[in-house]
Amino acid sequence: MSFSVVLLAGGVGGAKMAEGLLHSVCEQHLTIIGNISDDQEIHGLWVSPDIDTLTYTLTDRIDTKKGWGLKDESNRTLDALQTLGADTWMYLGDQDFATHIYRTNLRKQGKRPTEIAADIAKKFGLKVPLLLPTDDIVQTKLNTDLGWLDFQSYFVRHQCTPEIKEIVFAGADSAKATPEALSAIAEADLIVFAPSNPIVSIGAILAIQEIRQAIVASRAYKVAVSPIIAGKTVKGPADKMLRALDISCDSLGVAQCYQGLIDLLIIDRQDAELAHSIHALAIDTYLTNTLMDNRADKVRLAEELITVALRNAMQKKLTETLAETTAAAVPSDQQSLDAVRASI
């Protein structure tokens, strides 16, 4: 029996979860669907920050200090652009420029963005499928006290300081899901929502209606990992965005974002007092240490996630595929993990 896992992921937080799953028991049965709503044209090149962060991380090419970009970078191209008077607020290293040049040229040739992403991932040595939710352009736009901003302008240029009034995903209403993403969701035994920003990373993927509908229709067990610990984000502006939308900045707020979509929310032990309120939303909880500082942390969290998801899915008999692995009694956590190892 195979055990198919689909991960919905944004950038840094999503890449951490992806790395953990890649090096866990489900390494050979993982598919990733990455966020493309942060993409935009910079210096005439099409830049895909989250897709590149996933690619670089999963091929051990990421700059681990920054959490994004390539390691061992140089800045001569950006320095030269600055000398010429170009606006260089968006950092792009010399090697990173090559990725964007290659991608842009293929787009101009009419290649599908999904095929381009797969091509780049393969050439970097990525062994698992990295899919796009859509080949159409979907971009996060924020209405702020400075006016409308694209996500990178808000996040990088203005350092998340403008007051947010509204968030929209331009193009999402008409965007068509890729057949690859829909097929992966339909065939999944487990769907994982990474600890990425629930508003503009996972939320942007879910804004594509065919993707949301496919997840709702899927018989897979669905698990999210909260990116909020004790009311704070590990990285990024999710806390500011939750508050701007009048959603509580904690794991309960994350649960509210995913209500009706997930079976289980994994939260940090520091947020144990929120479990009861999350259960009231018909979402189970699992408490553990969700901070991922190193690969060991990432793999440990990934394997805990797989274990508890399998155990809970067995208990509820949500899918025939997962139910085949259960015994007469509900297995222990270690037995659940052993069952997954044996099945794959």
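Each chain has its residues counted from 1, running along the sequence as written. Since the coordinates come from a predicted model, pLDDT governs what is reported: local features require at least 70, and pairs of side-chain atoms require 80 or more to be given and counted, while whole-chain, interface and lining totals use all residues. The side-chain values count all of the structure's non-hydrogen atoms but skip hydrogen atoms and water molecules.

All right, on to the overall build of the protein chain then. By the criteria applied, helices consist of DSSP H or I runs no shorter than four residues and strands consist of E runs no shorter than two, each listed in order from the N terminus. For the protein chain, the helix and strand inventory stands at 15 helices and 14 strands. Here the radius of gyration uses the C-alpha set of atoms, whereas the globule reference equals 2.2 Å times the residue count to the power 0.38. At 20 Å, the protein chain has a C-alpha radius of gyration in line with the 20 Å of a compact globule built from 344 residues. Along the first, second and third principal axes, the C-alpha atoms of the protein chain reach 70 × 40 × 40 Å. Only protein chains enter the accessibility calculation, which uses a 1.4 Å probe; a residue is then buried when its area is under 20% of its type maximum, exposed when over 50%, and partly exposed in between. Burial status across the protein chain gives 56% buried among its 344 residues.

The next subject is helix H5 (residues 113-124). To estimate the expected span of a helix, count its residues, drop one, and scale the result by 1.5 Å. Its 12 residues place the ends of H5 17 Å apart at the C-alpha level, agreeing with the 16 Å of an ideal helix rising 1.5 Å per residue. Residues Pro-113, Thr-114, Ile-116, Ala-117, Ile-120 and Ala-121 constitute the buried set of H5. Projected onto a plane normal to the axis of H5, the buried residues spread over an arc of 165 degrees and lie on a single side. Turned more than 90 degrees off the buried face of H5, the exposed positions are Lys-122 and Lys-123. The criterion used for residue contact is that any of the two residues' heavy atoms lie within 4.5 Å. The secondary structure elements touched by the buried residues of H5 are helix H2 (49-58), helix H4 (94-108) and helix H7 (179-187). Arc definition: directions from the helix axis to the C-beta atoms.

Any Lys or Arg side-chain nitrogen located within 4 Å of an Asp or Glu carboxyl oxygen qualifies as a salt bridge. Tallied over the entire structure, the rule returns 11 salt bridges. In this structure, Asp-52 engages Arg-103 in a salt bridge whose closest nitrogen and oxygen atoms are separated by 2.4 Å. Linking Asp-52 in helix H2 with Arg-103 in helix H4, this pair joins segments that are 51 residues apart in sequence. Of the residues examined, Asp-52 reaches a relative accessible area of 4% and is grouped as buried. The class of Arg-103 is buried, set by a relative accessible area of 5%. Close ionic contact of Glu-115 with Arg-112 constitutes a salt bridge, the shortest N to O distance being 4.0 Å. Given a relative accessible area of 41%, Glu-115 falls into the partly exposed group.

The next thing to look at is the state of the cysteines. Pairs of cysteine sulfur atoms within 2.5 Å are identified as disulfides in what follows. Overall, the coordinates contain 0 disulfides when judged by the stated rule. In this structure Cys-249 is not part of a disulfide, and its nearest cysteine sulfur, from Cys-257, lies 10 Å away. Note on Cys-249: relative accessible area 13%, which makes it buried. Judged by relative accessible area, which is 22%, Cys-257 ranks as partly exposed.

This brings us to the pairing of strand S1 (residues 5-9). In regular strands, side chains alternate between the two faces of the sheet. Of all 5 residues in S1, 5 are buried; the element is thus mostly enclosed. Two strands are counted as paired when DSSP detects at least two bridges linking them. Of the strand pairs in this sheet, S1 and strand S2 (residues 30-34) are connected by 5 bridges, and their pairing is parallel. Across the sheet, the residue bridging to Val-6 is Thr-31, located in S2. Handedness of a crossover: with both strands directed away from the viewer, a clockwise path from the first strand across the helix to the second marks it as right-handed. Regarding topology, helix H1 (residues 12-22) serves as the crossover connection from S1 to the parallel S2, and that connection is right-handed. Here S1 pairs with strand S9 (residues 190-193) via 4 bridges, running parallel. Directly across from Leu-7, in S9, lies its bridge partner Val-192.

Right, let's get into unusual backbone geometry. Not every positive phi belongs to a glycine, and Asp-60 is a case in point at roughly 60 degrees. Considering the arrangement of structural elements, one finds Asp-60 in the loop between H2 and helix H3 (76-83). Even without being glycine, Ala-230 reaches a positive phi, approximately 55 degrees. Along the chain, Ala-230 falls in the loop between strand S11 (228-229) and strand S12 (232-233). A residue is classified by how much of its surface remains accessible, and Ala-230, at 41% relative accessible area, is partly exposed.

To continue, consider the sheet that holds strand S6 (residues 139-144). Read across the open sheet, the 3 strands follow the order S7-S6-S8; overall the sheet is antiparallel. Whereas interior strands pair on both sides, the edge strands pair on one side only; in this sheet they are strand S7 (147-150) and strand S8 (164-170). Each strand axis lies, on average, 25 degrees off the axis of its neighbour in the sheet, ignoring direction. Where S6 and S7 come together, 4 bridges link them in antiparallel fashion. Here an angle of 0 to 180 degrees is reported between the N-to-C directions of two axes, which are lines fitted to C-alpha atoms, with helices fitted over the stretch in contact.

So, about the side chain of Thr-285. Inspection of the secondary structure assignment puts Thr-285 in strand S14 (residues 284-288). Polar contacts, as counted here, are pairs of nitrogen or oxygen atoms within 3.5 Å of one another; within protein the pair requires one atom able to donate a hydrogen and one able to accept it, and residues that are adjacent in sequence qualify only if both atoms are side-chain atoms. Only 2.8 Å separates the side chain of Thr-285 from the side chain of His-279, close enough to count as a polar contact. If we ignore the near neighbours within four places in the chain, the residues touching Thr-285 are Leu-264, Leu-265, Ile-267, Ala-275, Ile-278 and His-279.

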